[in-house]
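Structural description and commentary
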Amino acid sequence: MPSYRELHEGWILTGGDVTDVAATVPGSVHTDLLAAGIIEDPCLGSNEAEVAWIGRTDWVYRTRFEWNGGQERTDLVCDGLDTIATIMLNGVAVGHTSNQHRGYRFDARPALQAGDNDLEIRFQSAYTYAEAQQQRLGDRPNAYPEPFNFIRKQACNFGWDWGPTLVTAGIWQPIGLHTWQTARLAEVRPQVTVVAGRGVVELRVRIERTTPGPLTLTATIAGQTRTLTCTDDEVQVRLDIEDPGLWWPRGFGEQPLYDLDVVLGDGLDSWHRRVGFRTVRVDTADGAFAVQVNEVPVFVKGVNWIPDDVFASRVTPERLRHRFQQAIDANVNYLRVWGGGRYESEEFYGLADELGLLVGQDFLFACAAYPEEEPFTSEIAAEARENVVRLASHPSLVLWTGNNENIWGHADWGWIPELDGKSWGAGFYFDLLPGIVAEEDPSRFYWPGSPWSGSPDRHPNDPAYGTTHIWDVWNTDDYTKYRAYRPRFAAEFGYQAPPTYATLRRALTDDPLTHDSPGMQAHQKAIGGDAKLQRGLDAHLPVPRDFDDWHYLTQLNQARALSLGIEHFRSLRPYCMGAIMWQLNDCWPVTSWAAVDGDGRKKPLWYALRHSFAPRLLTFQPREGGVALVAVNDSGDVWELETAIFGRTVEGVEVSSQSVGVSVAPGSATTVDVSVSGDFLLAEADGQRAFWFFAEDKDIAWPAPQFEAAVEVIGDETHVRVTAATTLRDLTLYADRVDPAAEVDRAGVTLLPGESVTFRIRGAGDLDPAALISKPVLRCVNDVVAGG
């Protein structure tokens, strides 16, 4: 019988001036040195710069294990080594690796010995390797002054405009001994589709043997079994399932999953996955980019996903589930796994299958020209094949994308003169990768890049075709410019804000804490980021008097920016069929584009996403001749609503009104002409509200805030009920300022005089009632205007 033995115990780490430190496997050098007290936490304060030496040091992991012989074959299986490694077993080199993004298997039997065995993995500095390749092949342009495009390693390890430069090394995935005899299942590639209502499973099975001869292979799913005798090393198996339950993205139906099992011989080897039956295609006719699942168009309400921690071993299945639930609770239906990170874990895609989240997966290239010379082409081909096959069973995965922004960069970022004819990755995106997807996973859609307009004859980021990234908003222009765009599919757009106050206080020791204090600057990675934040404040909001004002207003501005963009794009349905905001998550405490900060706390943006991504949405939009109300219905049922529209003064006094009945078909948007006027407009229907303000807050004479507030503990929740005596603009309660564990259920609530809202706080201990109902915990725009 085959067996697998983990080799995760007894590891010792050595490198530079560090000797004999206990190492955790899977893990990394940084986490081992942190656990040993040799370094401070690199995610806190300015510690990042103090540990830069780690990435330029060679490291050795070693352990000793006992082996008492076994079957015909024993392989050392390395699921992931980071990155340039030589594997020594009892002084014999059994293998070499140069790619973090793939696994390796080495025949260890010739080097194994009865009794004690010494295993040593020698990691060369990623910088040493990458800079040598850079010098050998000639430099290539990239977005950051680091050689990440000359090594097959997580690019954002080398720093990004939201991430630290922490160049890791180590045994980052499981490692162990696989003992087997006669034959094993080297690879199982399923293709699961639906044809004329019938579920079809087509399996390609590859077998590795030590002994020739016939073998039985049995495949089973949903009560259907197929057994055959095979003599070749590759075999095809098909199973048909009558009328299977269809797998749907969340909001469209259920997510039934079926156990699929393959058994080789009489217990020689086995393979198991859970699969779902669905069809998926992307309609690109006439410039469109529209995802269809089971022939139903899906408006993509998406988030970009980056690695959830700078150190992969700290991302547990429980943490992933929590982060996915945060996405779901914000009405997200799509995760785009960004190309500067990593191929995620089996738990990641399995959770997406279970929870009905669609996944778009980038191949791992981002913001740089990549050399196509060896050894890179061979490594990338092996990496791509392995991961395409590995992920083929997951119904959540709907498309592969060749790269992030590299085709756009080649066209627009001044690369062509700098390249001077050198390769830059085009061969990967237009030839190698589509060929691999077509061969290994023909049921899935491939798109050469994000952004990509669908044709080399068009600008790659033409919003009228394919997928679009919008970054003049934030970099140079105000977020109201989103309304100047009519994209077919907005695959990236975003706006910055600092993390929550509790996260800042955990990560920084600055006293006083200001927007430009040393710790804040160390955790702001975007070039000119603070100036861009200030430009946004100047355009929309009153002048902040102190850090507390600045923190509230920048977070509010981020939430407003993304709401404006998302609601505009959704109002264009079906012309526009996707909005993937940048970004859901952070990997450390940082001022960034994220909705959930590096400590997992929700910023006000998260609450704005929940509103703007709601299945049914009311939104005011500028249209020719004035302002219109748009009702968007992503549900599968007709939305019949009676809408009341009011014009009001800043004091909340009603000055005009209209009522209109609206019927919105499933998967559509309906526009309603507006005839009322006032300082601002309010529309109400089915418990939903939409506002339109004719002036910016900085130009509105909001009344000083007046309200009554009451605090009550009910069970394990603290309720704060606020009743407005004046209009209160974007009322927000920052419960984490009172208790870092506290989480509130809403943010950014605008109240009219006489209206009330109850903030429900969970996860906290006893909270000071006086603190909960005063600044800087309870905030609204009015108090900045009045104070200024």
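Look up: the structure comes first, before these words.
Owing to the predicted nature of the structure, the values given are computational and were not obtained by experimental measurement.

**Topic: the pairing of strand β30 (residues 578-581)**
Residues of β30 alternate between two faces, with Gly578 and Ile580 on one and Ala579 and Met581 on the opposite face, all of them buried. In this structure, strand β23 (residues 300-305) lies alongside β30, joined through four bridges in parallel fashion. Within β30, the residue paired with Gly302 across the bridge is Ile580.

**Describing the packing of helix α6 (residues 376-391) against helix α9 (residues 426-440)**
The N-to-C vectors of α6 and α9 enclose an angle of 35 degrees; their axes lie 10 Å apart at closest approach. Of the two elements, α6 crosses α9, and the hand of that crossing is right-handed. On α9, the residues touching Thr377, Ile380, Ala381, Ala384, Arg385, Val388 and Val389 of α6 are Phe428, Leu432, Leu433, Ile436, Val437, Glu439 and Glu440. Of the residues assigned to the contact of α6 with α9, the class counts are ten nonpolar, one polar and three charged.

**Here's the deal with unusual backbone geometry**
Residues Val25 and Pro26 are joined by a peptide bond in cis, for which omega reads -5 degrees. If you trace the backbone, Pro26 turns up in the loop between β3 (18-23) and α1 (29-35). Here the amide bond leading from Arg573 into Pro574 is cis, since omega sits at 10 degrees, within 30 degrees of zero. Along the polypeptide, Pro574 turns up in the loop between α14 (547-571) and β30. Positive phi, normally seen in glycine, also occurs at Asp286, with a value near 60 degrees. Mapped onto the elements, Asp286 comes out in the loop between β20 (280-283) and β21 (290-293). Of note in the backbone geometry, Asp420 takes a positive phi value of approximately 50 degrees without being a glycine. Turning to its location among the elements, Asp420 is positioned in the loop between α8 (415-419) and α9.

**Observations regarding the pairing of strand β12 (residues 175-180)**
The element β12 is largely enclosed, with a buried count of six among its six residues. Burial along β12 is two-sided: Ile175, Leu177 and Thr179 and Gly176, His178 and Trp180, pointing in opposite directions, are all buried. Sheet analysis places strand β1 (residues 3-6) next to β12, joined by four bridges and oriented antiparallel. Residue pairing for β12: Glu6 is matched across the bridge by Gly176. Bridging between strand β5 (residues 73-78) and β12 involves six bridges; their strand directions are antiparallel. Its bridge partner being in β12, Cys78 is matched across the sheet by Ile175.

**Topic: the layout of surface pockets**
If you add up the space inside the largest pocket, you get close to 1900 Å³. For the lining of the largest pocket, the elements supplying multiple residues, two or more each, are β5, β9 (104-107), β13 (183-195), β19 (269-275), α4 (317-329), α5 (346-355) and α6. Per element, the largest residue contribution to the lining of the largest pocket is six residues, and it comes from α6. Grouping the amino acids of the lining of the largest pocket by side-chain chemistry returns 19 nonpolar, eleven polar and 16 charged. Elements with a minimum of two residues in the lining of the second largest pocket: α14, α15 (604-612), β31 (616-623), β37 (688-693), β40 (728-733), β42 (749-751) and β43 (756-762). For the lining of the second largest pocket, the element with the most residues is α14, which contributes seven residues. Classifying every residue of the lining of the second largest pocket gives 22 nonpolar, 13 polar and eleven charged.

**Quick look at the pattern of salt bridges**
Enumeration according to the criterion identifies 56 salt bridges in this entry. Notably, a salt bridge pairs Arg762 with Glu717, separated by 2.8 Å at the nearest N-O pair. Taken as a pair, Arg762 in strand β43 and Glu717 in strand β39 (residues 717-724) lie far apart in primary sequence, 45 residues in all. Using a relative accessible area of 15% as the deciding quantity, one classes Glu717 as buried.

**A word on the side chain of Asn404**
With respect to the helices, strands and loops of the structure, Asn404 is situated in the loop between β26 (397-401) and α7 (406-412). Using a relative accessible area of 1% as the deciding quantity, one classes Asn404 as buried. Reaching out from Asn404, the side chain makes a polar contact with the side chain of Arg336 at a distance of 2.8 Å.

Scoring rules and cut-offs
Residues numbered from 1 in each chain as written. Predicted model: local features only at pLDDT ≥ 70, side-chain atom pairs only at ≥ 80, totals over all residues. Heavy atoms only, no water. Buried < 20%, exposed > 50% of the residue type's maximum accessible area, 1.4 Å probe, protein only. Helix = DSSP H or I, 4+ residues; strand = E, 2+ residues; numbered from the N terminus. Pairing = 2+ DSSP bridges. Axes fitted to C-alpha atoms, helices over the stretch in contact; angles between N-to-C directions. Left-handed = near helix turned anticlockwise from the far one by under 90°. Contact = heavy atoms within 4.5 Å. Nonpolar A, V, L, I, M, F, W, Y, C, P; charged D, E, K, R; others polar. 1 Å grid on protein atoms, 1.4 Å probe; cavity = no way out; pocket = protein on both sides within 12 Å on 5 of 7 lines; lining within 4 Å. Points joined across faces, edges and corners; volume = space filled by probe spheres on them. Salt bridge = Lys/Arg side-chain N within 4 Å of Asp/Glu carboxyl O. Polar contact = N/O pair within 3.5 Å; in protein donor to acceptor, adjacent residues only side chain to side chain.

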